[in-house]
Amino acid sequence: MKAICLSEPYHIGTVDLQDPVPAPGEALLRIRYCGICGADVASYTGNQPFTTYPRIPGHEFSAEVVKIGENSKQIKPGDLVTANPYFNCGHCYACRRGFVNCCTDNRTMGVQRDGSFCEYVSMPVERLIPGSGLDAKQLALIEPFCISYHALSHADIRPGDRVLITGAGPIGLFALIAARQKGARVCVSDMLAARLELAKKLGALRVVNIREEELKGAAFDFTDGNGFDLCVEACGQPATFLDCIEQACFAGQIVLIGNGKRETTFNHSILLKKELRVFGSRNALTSDFEQVIGMVSAGQIDVMQIVSSVYPMSRAAEAFEALAHNDGTLAKVLIDMTDCT
């Protein structure tokens, strides 16, 4: 089979591999679509702190079941599925307490272990999640939505709450959709005009281009001077984390989704003064996948709104390069893994 492999930062190409042979308890899947995650782009540019090389990227995917044994999920050959791509050890302190999404030895597909950018993969049946009637493109978008959905589950969001999302990339946009589902009034900040235009189309009541406008003033107006009930950091940058601390209301909440390598310096007394609740969020749970698929299949959410482009597998390197130099016109990019010509 063919696979897309990163031999080192900025070096990506197609390689030939042996077809996988499922072990007992595993299913053989033919990958249909893969989404390129911000973590994949960071691996491509050498800025993903957890990636080792060489590495087959990818953990946002849909697949058709080729071979599967009898199972309690009643999944059968020909079904479309997605999967929980975060492999946990099952015995560390976090796993024993049920926090399998932040296993101390977590190995996410495409980061610490090879991922889904290949024609076939074998997956433990227990990790498969039925597609519930969604098409292959929709299913490839479930995992990134789950990242944002899980992150917002840490916060107490009530209808009418004012929420700031710093960063209008795919994860920030999915956080916007999830916050609106909870009845929040959402403001989104970014430095790329095209991303902010998409945020407005997705329901942001206020957008702030921080290259052109001071966030502090816009936040004051949007919140009547009170600050935001919740600030979501979706960039992984020191400046945006500090923005969240500054713009959160007293007794407010901050959720951190963005992942980066740079350190942040601040006086922690402001956290005490405001009595802020600060949550880190990592990965998602299978229950998040099931809930999100349920919302999409019920027509409550249109995940396809954030898809900018679909590339064939043969042009995957071009897609990575485009995202590495994204001017904001690209949101979510999918790769058609069945088109390798």
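Just above sits the structure.
All of the points below concern the structure found in this document. Given the structure is predicted, the values throughout are model-derived calculations rather than measurements.

**Some details on the pairing of strand β11 (residues 185-190)**
- Of all six residues in β11, five are buried, a share of seventy percent or more.
- With five bridges connecting them, strand β10 (residues 162-166) and β11 associate as parallel partners. Bridge pairing links isoleucine 165 to valine 188 in β11.
- Assessed by its sense of winding, the connection that carries the chain from β10 through helix α5 (residues 170-181) to β11 is right-handed.
- Direction of pairing for β11 relative to strand β12 (residues 206-209): parallel, over a ladder of four bridges. Bridging from a neighbouring strand, cysteine 187 pairs with arginine 206 of β12.
- In this fold, the crossover linking β11 to β12 by way of helix α6 (residues 193-201) has right-handed handedness.

**Quick notes on the packing of helix α7 (residues 215-222) against helix α8 (residues 238-247)**
- As a packed pair, α7 and α8 sit with axes 11 Å apart at the nearest point and diverge in direction by 35°. Seen from above, α7 lies across α8 with right-handed handedness. Between α7 and α8, the residues in contact are Leu215, Lys216 and Ala219 and Asp243, Glu246 and Gln247, respectively.
- Across the contact of α7 with α8, the residue classes break down as two nonpolar, one polar and three charged.

Thresholds applied
What you see as residue numbers is a count from 1 along each chain, following the sequence as written. Confidence filtering applies because this is a predicted model: local features only for residues at pLDDT of at least 70, side-chain atom pairs given and counted only at 80 or more, and all residues used for totals across whole chains, interfaces and linings. Excluding hydrogens and water, the side-chain figures rest on all heavy atoms present in the structure. For the exposure calls, accessible area comes from a 1.4 Å probe over protein chains only, and a residue counts as buried if that area is under 20% of its type's maximum, exposed if over 50%, partly exposed in between. Secondary structure elements are taken from DSSP: a helix is a run of H or I of four residues or more, a strand is a run of E of two residues or more, and numbering for both begins at the N terminus. Two strands form a pair only when DSSP identifies at least two bridges running between them. Whether a crossover is right-handed comes down to one check: with the strands pointing away from the viewer, does the path from the first strand over the helix to the second run clockwise; if it does, it is right-handed. Each axis is a line fitted through C-alpha atoms, and for a helix only the stretch in contact is used; angles between axes span 0 to 180 degrees, taken between their N-to-C directions. Crossings are sorted by hand: turned counterclockwise from the far helix by less than a right angle, the near helix makes the crossing left-handed, and turned clockwise it makes it right-handed. In this analysis, two residues are considered to be in contact whenever any of their non-hydrogen atoms come within 4.5 Å of each other. Under the convention adopted here, Pro, Cys and the residues Ala, Val, Leu, Ile, Met, Phe, Trp and Tyr are nonpolar, Asp, Glu, Lys and Arg are charged, and Gly plus all remaining residues are polar.

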